[in-house]
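Summary of structural features
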Amino acid sequence: QVQLVESGGGLVQPGGSLRLSCVVSGFTFSRYTMSWYRQAPGKERELVATITSAGGSTNYADADSVKGRLSISRDNAKNTVYLQMSSLKPEDTAVYYCNARLPFTKPGSGSWGQGTQVTVSS
């Protein structure tokens, strides 16, 4: 049974940091491209960042808005993908989801976690 379980969300003040984790089970994690998406209230789900199966390449969907603040990484030995977030802004408030898909498949396909809420507020 494929499972993706996110954790690490919470309430943080502007300028603060969080590290989100997504632990995967039920398939060979190292074969999959992993992504983080987020969905803010009243908005569509959007891609945040992607990391290839071997971890050799990362891509950020909106480089200008996240540059230097968000960083995706993975530990294939732990079946875990991370999203390190710093200098958080209120506009980063959203439910964050991890996604797993095979390489060269359509972004947004594959399996999803249940999401973890991140709220940036003073």
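This text goes with the structure placed above it.
Being a predicted model, the structure only gives us computed values, none of them experimental.

Some details on the nonpolar core
Membership of the largest hydrophobic core comes to 27 residues, with the highest contact counts inside it found for Leu4, Met34, Trp36, Val81, Leu83, Met85 and Tyr96. Listing elements by their share of this core, those giving two or more residues are β3 (18–25), β4 (33–39), β5 (46–51), β7 (70–75), β8 (80–85), β9 (94–101) and β11 (116–120).

Looking at the side chain of Ser21
Position of Ser21 relative to the elements: it lies in strand β3. With a relative accessible area of 14%, Ser21 lands in the buried category. If near-sequence neighbours (up to four positions away) are discounted, Ser21 is found in contact with Val5, Glu6, Ser7, Trp36, Thr80, Val81 and Tyr82.

A word on the packing of aromatic side chains
Ring pairs (aromatic) are described by centroid distance and by the angle formed between their planes. One pass over the full model with this rule turns up 3 aromatic pairs. One aromatic cluster in this structure is built from Tyr37, Tyr97 and Trp112. Note that Arg45 overlies the ring of Tyr97, its terminal NZ or CZ placed 3.7 Å from the centroid.

Side note on the state of the cysteines
Evaluation of the coordinates by the stated rule reveals 1 disulfide. With a sulfur-sulfur separation of 1.9 Å, Cys22 is cross-linked through a disulfide to Cys98. Disulfide Cys22-Cys98: torsion about the S-S bond near 40°, hence right-handed. On the criterion of sequence distance, the pair formed by Cys22 in strand β3 and Cys98 in strand β9 is long-range, its members being 76 residues apart. The exposure classification of Cys22 matches that of Cys98, with both residues buried.

Rules behind the numbers
Every residue gets a number counted from 1 within its own chain, in the order that chain's sequence is written. At least 70 in pLDDT is required for a residue's local features to be given in this predicted model, at least 80 for side-chain atom pairs to be given and counted, and no such filter applies to totals for whole chains, interfaces and linings, which use all residues. As a rule here, side-chain values cover all heavy atoms of the structure and leave hydrogens and water aside. What is meant by a nonpolar core is a set of buried Ala, Val, Leu, Ile, Met, Phe, Trp, Tyr and Cys residues, joined one to another through side-chain atoms within 4.5 Å. Throughout this description, buried means an accessible area under 20% of the type-specific maximum (1.4 Å probe, protein chains only), exposed means over 50%, and partly exposed covers the range between. Elements are defined by DSSP. Helices are runs of H or I of four residues or more, strands are runs of E of two residues or more, and each kind is numbered from the N terminus. The criterion used for residue contact is that any of the two residues' heavy atoms lie within 4.5 Å. Ring pairs shown here join Phe, Tyr and Trp side chains whose ring centres sit within 6.5 Å, with only the six-membered ring taken for Trp; geometry is labelled stacked below 30 degrees between planes, edge-to-face above 60, and tilted in between. Look at NZ for Lys and CZ for Arg. If either is within 6 Å of the ring centre and within 35 degrees of the ring normal, a charge sits over the ring. The disulfide criterion used throughout: a pair of cysteine sulfur atoms within 2.5 Å.

Distances and angles like these do not, on their own, reveal function.
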